Amino acid sequence: MIQAHPTLGKQKSVDICDAFLRGAPKDVHGHVFYGVNETNLEAWRWVRACGEPFWYIDNSYFDHTRKTHFRVTKNALQCQWTLPNDGARWRAIEVPLKPWNCVWTGLIVVCPQSDNFMHNVARYHGNWLADTLKLIEERVDGKVPVIKVRPWSRDKKALSATLVGDLVGADWLFTHSSAASVAATIHGVPIHVDPKAALFGLRPNDKEREHAMGTLADNQWTLEEIRAGMAWEKLR
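Now for a look at the structure at hand. Note that the structure is predicted; figures quoted are calculated from it, not measured.

**Observations regarding the side chain of R209**
Relative to the elements of secondary structure, R209 occurs in helix α8 (residues 206-218). For R209, a relative accessible area of 3% translates into the label buried. Among the polar contacts made by the side chain of R209, one reaches the side chain of D206 at a distance of 3.2 Å. For R209, the contacting residues outside a window of four places in its chain are L97, K98, W100, T185, I186, G188 and L202.

**Notes on the state of the cysteines**
What the rule picks out here adds up to zero disulfides. Free cysteine: C79, not disulfide-bonded; nearest cysteine sulfur from C17 at 19 Å. Unpaired in terms of disulfides, C102 finds its nearest cysteine sulfur in C111, a separation of 20 Å.

**Here's the deal with the sheet that holds strand β3 (residues 54-59)**
Here five strands make up an open sheet; going across it, the order is β1-β2-β3-β4-β9 and the pairing mixed. Among the strands making up the open sheet, the edge pair consists of β1 (2-4) and β9 (220-221). Here strand β2 (residues 30-34) pairs with β3 via four bridges, running parallel. Pairing of V32 across the sheet is with W55, part of β3. Sheet strands in contact with helix α1 (residues 11-23) are β1, β2, β3 and β4 (70-74), and its direction is about 145° off that of β2.

**Some thoughts on the sheet that holds strand β7 (residues 172-175)**
Read across the open sheet, the four strands follow the order β6-β5-β7-β8; overall the sheet is parallel. In this open sheet, the two strands that pair with only one neighbour each are β6 (146-149) and β8 (191-192). In the packing of helix α5 (residues 128-139) onto the sheet, the strands contacted are β5 (107-111), β6, β7 and β8, and the crossing angle to β5 comes to about 160°. Against the sheet, helix α6 (residues 156-167) makes contact with β5, β6 and β7, and its axis sits at roughly 155° relative to β5, the strand it touches most.

**Looking at the side chain of N120**
Tracing the backbone through its elements, the reader meets N120 in helix α4 (residues 115-121). Sequence-distant contacts of N120, that is, excluding residues within four places in its chain, are made with L41, W44, R45 and D115.

**A word on the layout of surface pockets**
In this structure, the largest pocket occupies an estimated 1100 Å³ of space. Every residue lining the largest pocket is counted, 36 residues in all, and those nearest its centre are D58, N59, S114, W152 and K156. Within the residue set of the lining of the largest pocket, elements represented by two or more residues are α1, β3, α4 and α6. Looking at side-chain class alone, the lining of the largest pocket contains 14 nonpolar, 12 polar and 10 charged residues. Estimates place the volume of the second largest pocket at around 290 Å³. As for the second largest pocket, its lining consists of 19 residues, of which R48, L77, A122, D194 and K196 are closest to the centre. Partitioned by chemical class, the residues of the lining of the second largest pocket number nine nonpolar, five polar and five charged.

Rules and cut-offs
- Residues numbered from 1 in each chain as written.
- Predicted model: local features only at pLDDT ≥ 70, side-chain atom pairs only at ≥ 80, totals over all residues.
- Heavy atoms only, no water.
- Helix = DSSP H or I, 4+ residues; strand = E, 2+ residues; numbered from the N terminus.
- Buried < 20%, exposed > 50% of the residue type's maximum accessible area, 1.4 Å probe, protein only.
- Polar contact = N/O pair within 3.5 Å; in protein donor to acceptor, adjacent residues only side chain to side chain.
- Contact = heavy atoms within 4.5 Å.
- Disulfide = S-S within 2.5 Å.
- Pairing = 2+ DSSP bridges.
- Axes fitted to C-alpha atoms, helices over the stretch in contact; angles between N-to-C directions.
- 1 Å grid on protein atoms, 1.4 Å probe; cavity = no way out; pocket = protein on both sides within 12 Å on 5 of 7 lines; lining within 4 Å.
- Points joined across faces, edges and corners; volume = space filled by probe spheres on them.
- Nonpolar A, V, L, I, M, F, W, Y, C, P; charged D, E, K, R; others polar.

As structure tokens, this is what we get:
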């Protein structure tokens, strides 16, 4: 059977894990997580070390569906944008894609993620922000950029509300794997992300971007859909 490892004290985590359990067959072996912190970190580390199958659930890939949809992946933190899709679920979200910003302005937006996520979930070894600032220095090739570092906050709604303004005229957005990379892509800002992030390798190309948005939309579901087994059927 699939064992749930919700974060203790958070009913939302319990409810989402329970929804996945209801949608999966009873004889399947594995583990499901929604959120990882000190209360279930030991289980997370054990599952990753042993190579046990796991399903990782997190908030929506898109700010527009953050309160209604949840992304689910098997044995990974995010899906890969190159997966096939028909684009129907993406079109249903009705989010316009902005033109790509192809003129150098010198503005680079940097979005760190929480220390807990980076060290315990993504298992990043080192200081991501320091490493990224050094990488930017190497990439700009003598140009003097204006770097806007957006501090991480638990208040995702507030973060997303101010991100759009910071993206205006930006040349790049650097993040490990946060939803900021998806928002930047929608607004036509090229991104630099970790190789395991959903949009890694995506170029500022309209055809690729449309396909990527379709893939992300196909890999997130409402609680009702998860409970009905749609996520399980897609990922099994």
